Amino acid sequence: MDPEVTIEYENVHKRFDTPVLSGVNLSVMRGETVSILGTSGTGKSVLLKTTIGLITPDRGDVRIDGESVYHSTRLGLRDLRRTVRYVFQYAALFDSLNIYENVAMGLDPAEIKTLDPQVMLDRIAASLVNVNLEPAKVLSKLPAELSGGMRKRVGLARAIVGEPRIILYDEPVTGLDPVNSATVNRLIMSIAERTKVTSIVVTHDVEGALEMSHRVALLDNGTLRFIGTPDEFRRSEDPLVMAFADRRAAAEAALKLIEHDAYDDNDAGPAHAISIGVRA
Ligand SMILES: Nc1ncnc2c1ncn2[C@@H]1O[C@H](COP(=O)(O)OP(=O)(O)O)[C@@H](O)[C@H]1O
Ligand SMILES: [Mg+2]
């Protein structure tokens, strides 16, 4: 096996009542960011969940650093949990825990027992700083006291605090406005650049995916119908890829206007952006 391959999906099959995954093949290289696009209900989350043993494939295999998630005796569940972090949609924070406690959940429980409390606080604070949150302001707050965008960033802080080698993001910007989406996308990029983590991002944000990924893949009808670089995606003549790329153009136009309005106050104003947004 190529030593640079970090995550390998080989002929992954999964059906529930009907087939969901029907032979997914993909190799993600060390430090690479791959985005997975696809319409709702195509099995993107199911595919991510097979990576960490939350859903077992009917056929095929998933390997992390060459070790099967399902058949390896060397790769235990604990190793897997330490190596791979899964960032769920809607941040999935614990409502009754404060931000310090929520981020601490991203540390290995065995490690927490041995960590010096000051070292632990430093690590939690550092991971908050890395997602542009001020530790002094947020550490003792409850999730409900933060905005949606801030909660998503706390979710990212929890993902990076344990220094995983792989992060799986499941719709990290769904439910966010374009400005907060752009912020989260940029954070995902900077986390990848700084920590060399290998990332898979399931997203509906096509423009964001093309900006932040080394490669994008399109899941359709149980298989990856397209895998390629953002440039290859933009040039593809596959009608389904073109349909996805077109939505990007519309979203891009809307986002440009919003950014323009946010930074230049002597122009058309938000009403203009809203009318374009509706048309898009
Ligand atoms: N645990 C499960 N049990 C039964 N069906 C499931 C389960 N998880 C997902 N599915 C079904 O698999 C299909 C793909 O789901 P999912 O991967 O969540 O789609 P998406 O691409 O939107 O993330 C859907 O039809 C969904 O209902
Ligand atoms: Mg999903």
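Quick summary incoming for the structure in this document. Owing to the predicted nature of the structure, the values given are computational and were not obtained by experimental measurement.

What follows is about the overall build of the chain. A tally of regular secondary structure across the chain gives twelve helices and ten strands. Within the chain, the proportion of its 280 residues that are buried is 37%. In the chain, once contacts between residues fewer than 6 apart in sequence are set aside, the share between residues at least 24 apart is 66%.

Core analysis: the biggest nonpolar cluster contains 62 residues, and A157 and L168 have the highest contact counts within it. When residues in this core are grouped by element, the largest group, seven residues, is from helix 7 (residues 148-161). If sequence neighbours within four positions are ignored, A157 has contacts with V103, S127, L128, N130, V131 and L133.

The immediate surroundings of ligand 1 are formed by F16, V20, G38, S40, G41, T42, G43, K44, S45 and V46. Classifying every residue of the shell around ligand 1 by side-chain character gives three nonpolar, six polar and one charged.

Let's shift gears to helix 8 (residues 178-195). Counted at 1.5 Å a residue, the expected span for helix 8 with its 18 residues is 26 Å, and the 26 Å between its end C-alpha atoms agrees. Listed in full, the buried residues belonging to helix 8 are P178, S181, V184, N185, L187, I188, I191 and A192. Just downstream of helix 8, K196 is the residue with a positive phi angle, here 60°.

Glancing now at the sheet that holds strand 2 (residues 19-29). Reading across the sheet, the four strands line up as 2-1-4-5 and stay open at both edges, with antiparallel pairing between neighbours. If you trace the sheet from one side to the other, it starts and ends with strand 2 and strand 5 (67-68), each paired once. Of the pairings in the sheet, the one linking strand 1 (residues 5-15) to strand 2 comprises eight bridges and is antiparallel in character. The residue bridging K14 from the neighbouring strand is L21, located in strand 2. Lying over the sheet, helix 1 (residues 44-51) contacts strand 1, strand 2 and strand 4 (59-64), oriented at roughly 125° with respect to strand 1.

Once that is clear, we can look at the environment of E67. In this structure, E67 sits in strand 5. For E67, a count of 16 C-beta atoms within 10 Å translates into the label partly exposed. Spatially, the C-alpha atom of E67 lies 9.4 Å from that of I7, the residues being 60 residues apart in sequence.

Let us look at the environment of L224. With respect to the secondary-structure elements, L224 resides in strand 10 (residues 223-228). With 18 C-beta atoms counted inside 10 Å, the residue L224 sits in the partly exposed group. Taking the C-alpha atoms as reference, L224 lies 6.1 Å from V24; in sequence the two are 200 residues apart. If we ignore the near neighbours within four places in the chain, the residues touching L224 are V24, N25, L26, A217, L218 and L219.

Right, let's talk about the environment of I188 for a bit. Within the element layout of this structure, I188 appears in helix 8. Using a count of 27 C-beta atoms within 10 Å as the deciding quantity, one classes I188 as buried. Aside from chain neighbours lying at most four places away, what touches I188 is Y169, P172, S199, V201 and M212.

The strands that make up a sheet pair up through hydrogen bonds in the backbone, lying either parallel or antiparallel. The mixed open sheet is built from six strands, whose spatial order is 6-7-8-3-9-10. If you trace the sheet from one side to the other, it starts and ends with strand 6 (84-87) and strand 10, each paired once. Going from strand to strand, the sheet's axes swing by 15° on average, the running direction of each strand aside. Looking at chain direction, strand 7 (residues 166-170) and strand 8 (residues 198-202) are connected through five bridges and run parallel. Along strand 8, the bridge assignment pairs D170 with V202.

This part is about the pairing of strand 6. Residues of strand 6 alternate between two faces, with V84 and Y86 on one and R85 and V87 on the opposite face, all of them buried. Note: strand 6 against strand 7, four bridges, orientation parallel. Counted as the bridge partner of V84 is I166 from strand 7.

Conventions adopted
Residues numbered from 1 in each chain as written. Chains lettered and ligands numbered in written order. Predicted model: local features only at pLDDT ≥ 70, side-chain atom pairs only at ≥ 80, totals over all residues. Helix = DSSP H or I, 4+ residues; strand = E, 2+ residues; numbered from the N terminus. Buried ≥ 20, exposed ≤ 12 C-beta atoms within 10 Å, placed from the backbone. Contact = placed C-beta atoms within 7 Å. Core = buried A, V, L, I, M, F, W, Y, C linked by C-beta atoms within 7 Å. Near = placed C-beta within 6 Å. Nonpolar A, V, L, I, M, F, W, Y, C, P; charged D, E, K, R; others polar. Expected span 1.5 Å × (residues − 1). Pairing = 2+ DSSP bridges. Axes fitted to C-alpha atoms, helices over the stretch in contact; angles between N-to-C directions.

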